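Spelled out, the chains give:
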Amino acid sequence: MKTYLLTGGAGFIGSHLVEAILNNGDKVVVVDNFNNFYNPEIKKRNVAESTKNCYLAGEDIKELAKRVTNDKYKLEYADIRDEKEIERIFSENNFDMVINLAAMAGVRPSLENPLLYEEVNVKGFMILLEECKKRGIKKIVQASSSSVYGNSKTVPFKESDIVDFAISPYAATKKSGEVMGHVYYSLYNIDMIQLRFFTVYGPRQRPDLAINKFTKLIDAGEEVPFYGDGSTERDYTFIADIIDGITKSINYLNNNSGVYEILNLGESRTITLTKMVSEIERAVGKKANLKKLPMQPGDVLRTNADISKAKKIIGYNPVTKFEDGIDKFMTWYKNNK
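Residues numbered from 1 in each chain as written. Predicted model: local features only at pLDDT ≥ 70, side-chain atom pairs only at ≥ 80, totals over all residues. Heavy atoms only, no water.

1. Thoughts on the sheet that holds strand β3 (residues 73–77)
Okay, step 1: The seven strands lie next to each other as β3-β2-β1-β4-β5-β6-β11, forming an open sheet whose pairing is parallel. The sheet is open, and its two edges are formed by β3 and β11 (260–265), each paired on a single side. On average, each strand axis in the sheet is tilted by 20° relative to the strand beside it, whichever way the strands run.
Okay, step 2: Bridging between strand β4 (residues 97–100) and strand β5 (residues 139–145) involves three bridges; their strand directions are parallel. Paired with N100 across the bridge in β5 is Q142. (Pairing = 2+ DSSP bridges. Helix = DSSP H or I, 4+ residues; strand = E, 2+ residues; numbered from the N terminus. Axes fitted to C-alpha atoms, helices over the stretch in contact; angles between N-to-C directions.)

What follows is the structure in structure tokens.
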């Protein structure tokens, strides 16, 4: 049995990963600060669902942590920027691996508060790296992002592409994490896989992300903000395929040493904004009331993953068609609205 530290484990991707770790018979300690980037009640529900507990609306987070903690799962209400708390958590556990999903997320919000993004995404990660160095923990999976590619004209995006031209503070912090990770791999022999996620969607998706946000607006008959002419493209990746890529990365690190890899986790198929809206309209059964707006600063024109490296190294194999993923998301949405 392995013991994992999972930061951001109450979030969208993190809560699904909790289920995968527990289903594999391993132990996980979750760190999450339940900040107000979106309603913390959503994360509380995620925790309850991922640990097969009932959700109690308005429950104090510390009480929730006591209620769901058992011999395989522990919830720590903490912030990765809090050096003393992170040191305490490391000192009280014997981790085999750190999986860092905690971050200030979102391209557009990062333009408004870049210093916060640097503090969480760069300093927070470095605090974890320092604890791993100090305690001899040699395995890390780190969440990066497809945003590091910026408006690259080389399509599909390959991990070997030069990514020195970020167009948002968020993207820059994720590139910083990749670079700093390599420093600790090089100097302290910490094996590491950096995963560049491509537009993840599915059950429990954050409410600020397009598919969830658009679904609610279309269902309510409200205006949908539609940026640009609809030709922007995203490589939408279903949550189950992302979890498959993360768990295979974990297994690869557990069975190999001398590892520093950056891997794309996408579907390798692009969907235009217009197509995305039409699929949601189909699933909801209503037409969207579009509010046409200009392109936003920081937005990229397309994301498109070359996943051949991830296929070769970890056996990554996404299987969910976008239309099927939308249907699965819609089932969850109808059961939770």
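Back to the write-up after that little detour.
2. Some remarks on the nonpolar core
Here is a general trend for soluble globular proteins: nonpolar side chains tend to be buried in one another's company.
Okay, step 1: Membership of the largest hydrophobic core comes to 69 residues, with the highest contact counts inside it found for I13, I99, F197, I246 and M276.
Okay, step 2: Here M276 is in contact with A210, I211, F214, Y236, I271 and F322, once residues within four sequence places are set aside.
Okay, step 3: V31, M104, I140 and Y170 belong to the second-largest nonpolar core, a separate cluster that totals 27 residues. (Core = buried A, V, L, I, M, F, W, Y, C linked by side-chain atoms within 4.5 Å. Buried < 20%, exposed > 50% of the residue type's maximum accessible area, 1.4 Å probe, protein only. Contact = heavy atoms within 4.5 Å.)

3. Description of the packing of helix α10 (residues 273–284) against helix α12 (residues 322–336)
Describing two packed helices takes the angle between their axes plus the distance from one axis to the other.
Okay, step 1: Where α10 contacts α12, the axes come no closer than 10 Å and their chain directions differ by 50°. As summarised for this structure, α10 and α12 are arranged oblique, according to the angle between their axes. Crossing angle aside, the handedness with which α10 passes α12 is right-handed. Two secondary-structure elements touch here, α10 through K275, M276, E279, I280, R282, A283 and V284 and α12 through F322, E323, I326, D327, M330 and K334.
Okay, step 2: Its residues assigned to classes, the contact of α10 with α12 shows seven nonpolar, no polar and six charged. (Parallel < 35°, antiparallel > 145°, perpendicular 65-115°, else oblique. Left-handed = near helix turned anticlockwise from the far one by under 90°. Nonpolar A, V, L, I, M, F, W, Y, C, P; charged D, E, K, R; others polar.)

4. Regarding the pattern of salt bridges
If charged atoms from side chains of opposite charge come close, those side chains can pair.
Okay, step 1: As enumerated under the stated definition, the model contains 31 salt bridges in all.
Okay, step 2: A salt bridge links R81 to D79; the nearest nitrogen and oxygen atoms lie 2.8 Å apart.
Okay, step 3: Owing to a relative accessible area of 24%, R81 belongs among the partly exposed residues under this scheme.
Okay, step 4: Here D164 ties to K175 by a salt bridge, and the two come within 2.7 Å at their closest N and O atoms. A residue pair is termed long-range when its members are at least 10 positions apart, and D164 in the loop between β5 and α7 (169–188) and K175 in helix α7 qualify at 11 residues.
Okay, step 5: D164 gets classed as exposed once you look at its relative accessible area, which sits at 52%. (Salt bridge = Lys/Arg side-chain N within 4 Å of Asp/Glu carboxyl O.)

5. Some details on the side chain of E76
Okay, step 1: Locating E76 in the fold gives a position in strand β3.
Okay, step 2: Exposure remark for E76: the relative accessible area of 6% places this residue in the buried category.
Okay, step 3: Within the local environment of E76, its side chain forms a polar contact with the side chain of K74, the two groups lying 3.3 Å apart.
Okay, step 4: Apart from the residues within four sequence positions on either side, E76 is in contact with V29, V30, V31, D32, R88, I89 and E92. (Polar contact = N/O pair within 3.5 Å; in protein donor to acceptor, adjacent residues only side chain to side chain.)

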